[in-house]
Every structure is written in structure tokens, then in C-alpha cells.
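# Architecture and fold: a report
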Amino acid sequence: MKQVITEDKTAAVPKLRGRLVDNVSEGLNGTLFPEKVWSEEEKWLLVAVLGVEMIVGVVGNSVVLIIKVMCRGQFCCHYWLPFISLTMSDLGCSLLIMSGSMMAALTEGQMSPWCEVVSLLKFAFITSSIGSIAILSAQRLIGASSTGSAVLGFIAAACLTSWVTGLVFGSIPVIYDWVRYDPAEMLCTVFWESSYSDMMTYILCVFFISIFLPFLLMFICSVRIVVSCRSSNRYISDEDADLSEVIPLLVASYIICYTPFFMSELILLGRKDLAPAPDWLRTLSSVMSYLDCCLNPLIYFFHQSFREAGLALLWTRKPRKPVLEPVLSAITRTDFSLGGRSFINQGKIR
């Protein structure tokens with residue numbers, strides 16, 4: 001959510017969001033802020049990093065989704081619905097948002113309406129990701145399995161709510177035309193042009209409803225899970241351990257990867273001139289948030305039964321049926337008398 005000078009509304013459509021005159025943006029009080037201009041070396045380095053993250057994210061989350069669907073009976077998972085929601089969020093971000101950022105870094109902008117679509121989907125993926133982890137943490141702490149119809153309906157409604165909340169908050173900037181391309185983040189995001197009060201209201205609502213409440217629930221539940229596991233004297237073998245044992249790792253990964261994003265938004269919130277956070281912090285926030293989508297598939301493979309099920313699905317092949325060769329099974333002697341001669345039938349072959 002940044003500040004930029006208003007573009008000419010009479011410009012030709014579709015227009016390329018982000019190519020500003022003299023590479024500057026104007027703050028609330030008229031202060032000019034320089035826009036980030038990447039050198040060729042920096043641009044290709046970012047493209048390479050984004051490309052690696054996109055490939056790892058797409059391949060890793062696709063494999064995880066296949067394992068979760070096809071090998072459910074080979075590993076213990078009582079809370080599978082939030083896991084599916086989280087994997088779908090990571091896969092969508094890897095497939096759509098990362099590829100869009102990589103192309104934007106190459107073309108120095110994003111075309112409308114793809115610019116608005118990216119901004120909308122980014123909100124949906126962020127809120128659904130943290131919402132799925134929060135639901136998974138609470139479900140694991142309570143011990144409510146997803147097998148019961150009532151619990152399954154409640155968990156499905158909660159996961160759907162996290163997706164819908166992101167779509168609603170993401171559609172507001174699109175409707176009010178607050179979306180612009182940010183070259184530092186390499187994707188379209190929300191810019192503020194005149195009203196600090198509007199920015200304050202919107203950011204506080206988004207952070208409190210979509211970020212703070214799920215984060216608080218996720219953090220408290222994960223801490224209690226770790227404490228209860230350490231205080232319990234029960235021994236659980238690796239084969240019997242539930243896949244939800246990786247929840248503390250998912251929470252730690254999310255906190256580490258999204259810390260630059262939260263810092264950049266808090267910096268913007270504390271500046272009444274709407275000056276954006278430093279370019280390096282905004283770039284780091286995009287790269288690290290994409291990294292979270294790549295780390296989650298790797299975290300799942302820390303679970304032994306899940307790892308074994310995945311390896312069995314990927315590498316184990318069905319044995320071929322052996323080719324049967326003809327075998328002499330019986331000999332039958334038959335005499336045919338013809339002109340004083342005797343002929344013998346040699347037998348049967350199977």
C-alpha cells in the first residue's frame with residue numbers, strides 16, 4: 001500500500017500500470033519520492049530468484065496436493081481440510097502471483113485488467129493462508145477431527161470465510177481505483193493518493209480482521225501445542241504421529257517470511273505524508289512472502305509417514321506380469337494302425 005501520483009484517466013486503455021513520468025511519486029503534502037529503477041543485473045537476478053521460487057512452489061505444492069488426495073490412507077491426518085485449503089492457497093500464489101511478478105519485472109509493469117486481478121488474488125491468498133494455518137492450529141489444539149459431519153461443516157465454513165474475506169478486502173481497492181504497479185514489489189498493490197484517514201481506516205480493518213486475529217489465534221494455539229507435547233509423557237511413534245505435528249514449523253515459517261511485509265505496512269501506517277517503506281524492504285517483503293509458499297511443501301516432508309507415502313507414490317512401480325513361456329505338461333501315446341505302421345501323437349503343450 002504505497003503513495004503515487006495520479007495517472008491521466010484519459011490515457012489509452014489498456015494501459016501499463018507503473019511507468020511514471022520522471023520515475024517519481026508524489027506524497028500527500030507534495031513531497032516527491034523517487035521510484036525504484038532496476039539495473040539490468042538486478043532485474044535478471046530478481047527474475048532468476050522469482051523463477052526458482054515459482055518452479056519450486058508449483059511443483060512442490062502440486063506433488064503435496066496429489067499425495068494428500070491419493071495417499072490419505074497411508075499416513076495419519078485427522079485435520080485434512082485446512083491442509084487442503086493451505087496447499088491450494090500456496091499453489092495459486094505460486095502459479096499466478098509469482099509468474100505475474102516475474103513477467104512484471106521483465107516488462108517493467110503490468111497491464112490492466114491483470115493488474116487489478118493480481119491485487120485481488122494477492123489479498124485472497126494471504127488471508128486464506130494465514131486463516132488456514134489458524135484454523136488448523138485451533139483444530140489440532142481442541143482435537144476435533146474432520147471426520148464428523150458437524151465438525152467438517154464448521155471447518156469448511158471457516159476455511160471458506162478466510163477466502164471470502166480476502167476477496168472482499170481485495171475488491172475494495174479495485175472498485176475505488178487505488179491499485180497501481182509498484183516496481184519495488186514487482187506487482188500491483190494499493191497506493192494512497194490523498195487521504196490519510198482512508199488509508200488508516202482501510203489498513204486497520206484489514207490488519208485487525210484478516211491478519212491480527214488469525215495470527216493471534218495461530219500463535220497462541222501453536223505455543224500451547226508445543227507446551228502440551230513437551231509436558232506429555234506419551235510416546236507416539238513416527239508412523240502413528242498425525243500430520244498436524246508440523247504445525248509449529250508452518251507457523252514459524254509464516255512469521256519469518258511475512259515479517260518484512262508487516263514491517264513495510266507498519267512503516268507506511270506511521271507516516272502521515274504517505275511515504276512508502278524503503279525500496280529494499282518492499283522488495284524483500286515480496287521475495288520472502290513467495291518463499292513461504294515454497295517452504296510449506298518441504299515442511300510436510302519432515303513427517304515420516306507423509307514422506308514415505310510420497311516416495312512410494314513417486315517411485316514405486318507396479319511389477320510387470322511375467323511373460324509365460326510354453327511348458328510341456330503331458331505326453332499322450334496314441335497308436336494309429338495304417339498299413340502295418342504305427343504313428344504316435346507327441347503330447348500337449350500349455
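The text that follows walks through the structure, step by step, so that each part is easy to find. (Residues numbered from 1 in each chain as written. Predicted model: local features only at pLDDT ≥ 70, side-chain atom pairs only at ≥ 80, totals over all residues. Heavy atoms only, no water.)

In this section: the overall build of the chain. Broken down by element type, the chain carries eight helices and 10 strands. Looking at the 350 residues of the chain, the share that counts as buried comes to 46%. Restricting to contacts in the chain with at least 6 residues of sequence separation, those with at least 24 account for 75%. Summing over all exposed atoms, the chain offers an accessible surface of approximately 18600 Å²; the carbon and sulfur share of this is 67%. (Helix = DSSP H or I, 4+ residues; strand = E, 2+ residues; numbered from the N terminus. Buried < 20%, exposed > 50% of the residue type's maximum accessible area, 1.4 Å probe, protein only. Contact = heavy atoms within 4.5 Å. Areas by Shrake-Rupley, 256 points an atom, 1.4 Å probe, with all protein chains shown as cover.)

The next point concerns the nonpolar core. By size, the foremost hydrophobic cluster in this structure holds 37 residues, and its most contacted members are Leu-250, Tyr-254 and Tyr-300. Sorting the residues of this core by element identifies helix H1 (40-70), helix H2 (80-107), helix H3 (114-142), helix H5 (196-231), helix H6 (247-269), helix H7 (279-300) and helix H8 (304-315) as the ones contributing at least two each. Broken down by element, the residue count for this core peaks at 10 residues, all from H6. Discounting chain neighbours no more than four positions away, the residues touching Tyr-300 are Val-64, Lys-68, Phe-83, Leu-86, Thr-87, Leu-243, Val-246, Leu-250 and Phe-306. Counting residues in each nonpolar core, the second largest holds 22 residues, with Leu-46, Leu-187, Cys-188 and Cys-294 among its members. (Core = buried A, V, L, I, M, F, W, Y, C linked by side-chain atoms within 4.5 Å.)

Our focus in this paragraph is the pattern of salt bridges. Following the criterion strictly, the structure yields five salt bridges and no others. Between Glu-245 and Arg-140 there is a salt bridge, with the nearest N and O atoms lying 2.8 Å from each other. Taken together, the residues span a long stretch of sequence, with Glu-245 in the loop between H5 and H6 and Arg-140 in helix H3 at a distance of 105 residues. For Glu-245, a relative accessible area of 33% gives the class partly exposed. (Salt bridge = Lys/Arg side-chain N within 4 Å of Asp/Glu carboxyl O.)

Here the focus is the environment of Tyr-300. Within the fold, Tyr-300 resides in helix H7. Tyr-300 sits in the buried class, given a relative accessible area of 0%.

This structure, assessed with the given rule, holds one disulfide. Across the disulfide, Cys-115 is cross-linked to Cys-188 (sulfur-sulfur distance 1.9 Å). Every disulfide takes its handedness from the sign of the S-S torsion; for Cys-115 and Cys-188 that torsion is -115 degrees, giving left-handed. A residue pair is termed long-range when its members are at least 10 positions apart, and Cys-115 in helix H3 and Cys-188 in strand E6 (residues 187-190) qualify at 73 residues. For the pair shown, Cys-115 and Cys-188 are each scored as buried. With no disulfide partner, Cys-93 has as its closest neighbouring cysteine sulfur the one in Cys-293, 3.7 Å distant. Cys-257 takes part in no disulfide bond, and the closest cysteine sulfur, belonging to Cys-293, lies 8.7 Å away. We classify Cys-257 as buried; its relative accessible area is 2%. (Disulfide = S-S within 2.5 Å.)

Quick look at a nonpolar patch on the surface now. Taken together, the side chains of Phe-208, Ile-209, Phe-212, Leu-213, Leu-216, Phe-219, Ile-220, Val-223 and Val-227 make up a nonpolar region of the molecular surface, amounting to roughly 790 Å² of accessible area. Topologically, Val-227 is positioned in helix H5. (Patch = residues over 30% accessible without salt bridge, like charges linked within 9 Å, V, L, I, M, F, W, Y side chains within 5 Å.)

Here we take up the side chain of Ser-101. Relative to the helices and strands, Ser-101 is located in helix H2. Given a relative accessible area of 0%, Ser-101 falls into the buried group.

Let us look at the pairing of E6. The pairing of strand E5 (residues 179-182) with E6 spans four bridges and is classified as antiparallel. Each bridged residue has a counterpart across the sheet, and for Tyr-181 the counterpart in E6 is Cys-188. Once E5 ends, the chain turns through four residues before running back antiparallel as E6, passing Met-186 with a positive phi of about 65 degrees. (Pairing = 2+ DSSP bridges.)

Looking now at H7. Compared with an ideal rise of 1.5 Å per residue, which puts 22 residues at 32 Å, H7 spans 33 Å between its outermost C-alpha atoms and is within 8% of the ideal. In terms of burial, H7 is largely enclosed, as 16 of its 22 residues are buried. (Expected span 1.5 Å × (residues − 1).)

The subject of this paragraph is unusual backbone geometry. If you check the backbone angles, Asp-177 has positive phi at about 60 degrees while not being a glycine. Structurally, Asp-177 is set in the loop between helix H4 (149-175) and E5. Unlike most non-glycine residues, Met-186 shows phi in positive territory, near 65 degrees. Within the fold, Met-186 resides in the loop between E5 and E6.

This brings us to the packing of aromatic side chains. Inspection of the entire model under this criterion finds 14 aromatic pairs. Taking the centre distance of 6.4 Å and the plane angle of 70 degrees together, the rings of Phe-123 and Tyr-202 count as edge-to-face. In this pair, Phe-123 is assigned in helix H3 and Tyr-202 in helix H5, connecting sequence segments 79 residues apart. Each member of the pair Phe-123 and Tyr-202 is classed as buried. Considering the side-chain rings of Phe-301 and Phe-306, the 5.5 Å spacing of their centres and the 75 degrees angle between planes classify their relative orientation as edge-to-face. Given the relative accessible area of 0%, Phe-306 is considered buried. Three or more aromatic residues joined by ring pairs form one cluster here, namely Phe-207, Tyr-254, Tyr-258, Phe-261 and Phe-262. Above the plane of the ring of Tyr-300 lies Lys-68, whose end atom (NZ or CZ) is 4.0 Å from the centre. (Phe/Tyr/Trp six-rings, centres within 6.5 Å; stacked < 30°, edge-to-face > 60°. Lys NZ or Arg CZ within 6 Å of the ring centre and 35° of its normal.)

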